[in-house]
Amino acid sequence: MGSVKDYFSNLGSGIASLLKGMSVTGKEFITPKITEEYPDNRNPLPAADRFRAVLTLKYDDQGNHKCIACGTCERVCPNGTISLDIKQVETWDGKKKKKLDKYMYDLGSCTFCQLCVTNCPTDALEFSNDFEQAVFTRSKLVKKLNYLPEKEEPKPTPEQIAKMQAEKEAKIAAAKAAAEAKKAAAGASASAEADPLAGIELNDAQKKALDAAASDPEKLEKIRAAILKAAQLKAAKAAQAGDATK
């Protein structure tokens, strides 16, 4: 009796399980398809906005990019995917400036970490959604991102030329004035060193004594030494008097 009961119980469970499975299968017949028939529908095939396919250099409508050749992207790349060729150019005002020559990117070694994009100071890079990157040779995965010719430095306007010329003349004049002042200071110092009496105020008696001994070098030297010693003693007494009053 127990075996018959178990038989019908198992039979009922099997039928219930079958009906449940058939209901799931029946729902799939009316569920919209999500399988894409690639590559037949490659044109309307949408890609997620967050999908990272290949690194690109942003260009505007005039064919300009914002890369300043700072090399930050090359330094932060963890596996050497990015390689920059940089050249030095001279601007219209005579200054040196770094300029991008070649921006090489190896898609085959890129880990799509986006460190280059997030660390770019000028927002010059982005990842595109172009996922069709299958090629037959490894070398074709190495891409030159600055595919448009690099533009020359803009020529200066007449106003900029006049301003630059005025600044140049002002610098030259300032340099000349500084050189003349330095030369005058050096001459004054040399004259003071050559003549110890140059900074001493002489009285009438000392002037007459010097004039009288002008024809006798030995006597003149003695008078000069006496005047210098007197001036030194006077300065020492003045210093002592100043200290005493403090």
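The notes below deal with the structure included here. No experiment lies behind these values; they were computed from the predicted model shown.

Focus: the pattern of salt bridges
Point 1. Evaluation of the coordinates by the stated rule reveals 2 salt bridges.
Point 2. One salt bridge in this structure joins Lys 58 and Asp 123, with 3.0 Å as the shortest N-O distance. In this pair, Lys 58 is assigned in the loop between β1 (54-57) and α2 (72-76) and Asp 123 in the loop between α3 (115-119) and β4 (125-128), connecting sequence segments 65 residues apart.
Point 3. When its relative accessible area of 38% is taken as the criterion, Asp 123 is described as partly exposed.

Quick word on the sheet that holds strand β3 (residues 96-106)
Point 1. Spatial ordering of the open sheet is given by β2-β3-β5, a layout of 3 strands whose pairing is antiparallel. Two strands close off the open sheet at either side, each with one partner strand: β2 (82-90) and β5 (142-144). Within this sheet the neighbouring strands show an average axis-to-axis angle of 25°, counted without direction.
Point 2. Note that β3 and β5 share 3 bridges and pair antiparallel. From the neighbouring strand, Asp 106 faces β5, where its bridge partner is Val 142.

Describing the packing of aromatic side chains
Point 1. In this structure the tally under the stated criterion is 2 aromatic pairs.
Point 2. Their ring planes at 55° and their centres at 4.9 Å tell us that Tyr 59 and Tyr 147 sit as a pair that is tilted. Linking Tyr 59 in the loop between β1 and α2 with Tyr 147 in the loop between β5 and α4 (158-194), this pair joins segments that are 88 residues apart in sequence.
Point 3. For Tyr 147, a relative accessible area of 59% corresponds to the exposed category.

Some words on the environment of Cys 67
Point 1. Following the sequence through the fold, Cys 67 ends up in the loop between β1 and α2.
Point 2. Judged by relative accessible area, which is 19%, Cys 67 ranks as buried.
Point 3. Sequence separation of Cys 67 and Lys 102 is 35 residues, and the distance between their C-alpha atoms is 11 Å.

With respect to unusual backbone geometry
Point 1. Despite not being glycine, Phe 112 has its phi angle at roughly 60°, a positive value.
Point 2. For Phe 112, the position within the fold is in the loop between β3 and α3.
Point 3. Relative accessible area serves as the criterion here: at 28%, Phe 112 is assigned to the partly exposed category.
Point 4. Residue Asp 123 is not a glycine yet carries a positive backbone phi of 55°.

Conventions we followed
- Residues numbered from 1 in each chain as written.
- Predicted model: local features only at pLDDT ≥ 70, side-chain atom pairs only at ≥ 80, totals over all residues.
- Heavy atoms only, no water.
- Salt bridge = Lys/Arg side-chain N within 4 Å of Asp/Glu carboxyl O.
- Helix = DSSP H or I, 4+ residues; strand = E, 2+ residues; numbered from the N terminus.
- Buried < 20%, exposed > 50% of the residue type's maximum accessible area, 1.4 Å probe, protein only.
- Pairing = 2+ DSSP bridges.
- Axes fitted to C-alpha atoms, helices over the stretch in contact; angles between N-to-C directions.
- Phe/Tyr/Trp six-rings, centres within 6.5 Å; stacked < 30°, edge-to-face > 60°.

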